[in-house]
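Notes for the structure review
Okay, here's what each chain looks like letter by letter:
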Amino acid sequence: MRELTYYVAVSIDGYIAGPDGEFDRFLVEGDHMVGIGEKYRGTAPTVLAEKFGFPIDGGPFDTVLMGWNTYAVGLPDLPDPYRHLRQIVFSRGHDAPEGSDGVEFTDRDPVEVVRELKAEEGKGIWLCGGGSLAAVLRDKIDRLALKRNPMLFGDGIPLFEGRGYAPADFRPTAITPYESGVVLAEYVRS
């Protein structure tokens, strides 16, 4: 059975973006880029991977899931951001932008979609964001891969947005610190 991995950058106080969706404070240069990029190959947008020579083949995922706000970060420049992956965007009331032919837009229940995806043959499923979608899919997440950046945001979009107290156990599988200050913390559901 395929696994769902929530692979995302996060501040040390638990935010995946600022209050208005800002994410420009996350470190995009440093020694962590090579190590994490190799392990999670194929998670750079296709155009950027081609431009900078990042490998996209042989990665752990063949499907990426995004909420509308995460997807919309790349608009209008990247309407088909991960064309080397199957892309599913959960959206209510947004029209598909021009150039997004390779993206599946759905207003279906994300839990049901993930249940169906897990039953299919294939590689892993990457939950790219955001916090609201992660909260809805929390009970379906098998793995966490958190790129913890050495900064506090103080406010913003939390890793899991709008979900009440409901403890779930995960155990660490690897903690990799980098000189840049980024720590890749990987967990599997217990």
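This text follows the structure it describes.
So, a few notes on the structure that sits alongside this text. Quick caveat, the model's predicted, so the values are computed rather than measured. Each chain carries its own residue numbering, running from 1 in the direction its sequence is written. Confidence filtering applies because this is a predicted model: local features only for residues at pLDDT of at least 70, side-chain atom pairs given and counted only at 80 or more, and all residues used for totals across whole chains, interfaces and linings. Hydrogens and water molecules were not included; the side-chain quantities draw on all heavy atoms of the structure.

Another aspect to go through is the nonpolar core. Among the nonpolar cores identified, the biggest contains 23 residues, and Leu4, Tyr6, Leu65, Leu127, Leu137, Leu146 and Leu159 are the most heavily contacted of them. Numbering of helices and strands runs from the N terminus, with a helix taken as a DSSP run of H or I at least four residues long and a strand as a DSSP run of E at least two residues long. Breaking this core down by element, the ones donating at least two residues are strand S1 (4-11), strand S4 (86-90), helix H4 (110-119), strand S6 (124-129), helix H5 (131-137), strand S7 (143-149) and strand S10 (183-189). Look past the residues within four positions of Leu146 in its chain and what remains in contact with it is Tyr6, Val8, Val10, Leu159, Val183, Leu184, Ala185 and Tyr187. The criterion is simple. A nonpolar core is a set of buried Ala, Val, Leu, Ile, Met, Phe, Trp, Tyr and Cys residues joined through side-chain atoms within 4.5 Å. Residue exposure (1.4 Å probe, protein chains only): buried if accessible area is under 20% of the type maximum, exposed if over 50%, otherwise partly exposed. Counting 18 residues, the second-largest nonpolar core is a separate cluster that includes Tyr7, Tyr40, Trp68 and Tyr178. Any two residues having at least one pair of non-hydrogen atoms within 4.5 Å are treated as being in contact.

The pairing test for Phe, Tyr and Trp rings, Trp by its six-membered ring, is centres within 6.5 Å, and the orientation test on the planes gives stacked under 30 degrees, edge-to-face over 60, and tilted for anything in between. As enumerated under the stated definition, the model contains eleven aromatic pairs in all. Consider the rings of Tyr7 and Tyr40, whose centres lie 4.4 Å apart with planes at 20 degrees: the pair is stacked. Linking Tyr7 in strand S1 with Tyr40 in the loop between helix H1 (32-39) and helix H2 (46-52), this pair joins segments that are 33 residues apart in sequence. Arranged with centres 5.4 Å apart and planes meeting at 55 degrees, the rings of Trp68 and Tyr71 form a pair that is tilted. With Trp68 and Tyr71 both in helix H3 (residues 68-72) and three residues apart, this pair spans about one turn of that helix. Here a set of aromatic residues connected by ring pairs shows up, and it is made of Tyr7, Tyr40, Phe61, Tyr82 and Trp126.

Pairing is mixed across the open sheet formed by eight strands, whose spatial order is S5-S4-S3-S6-S1-S7-S10-S9. Only two strands of the sheet have a single partner each, and these edge strands are strand S5 (103-106) and strand S9 (170-177). With direction set aside, neighbouring strand axes in the sheet form an average angle of 20 degrees. Pairing between strands requires that DSSP locate at least two bridges from one strand to the other. Pairing geometry for S1 and S7, over seven bridges, is parallel. Looking at S7, one finds that Tyr6 is bridged to Leu144. Taken strand by strand, H4 contacts S1, strand S3 (61-67), S4 and S6, and its axis lies near 165 degrees from that of S4. Helix axes are fitted to C-alpha atoms over the stretch in contact, other axes to C-alpha atoms as well, and angles between N-to-C directions run from 0 to 180 degrees.

These figures come from the coordinates and say nothing about function on their own.
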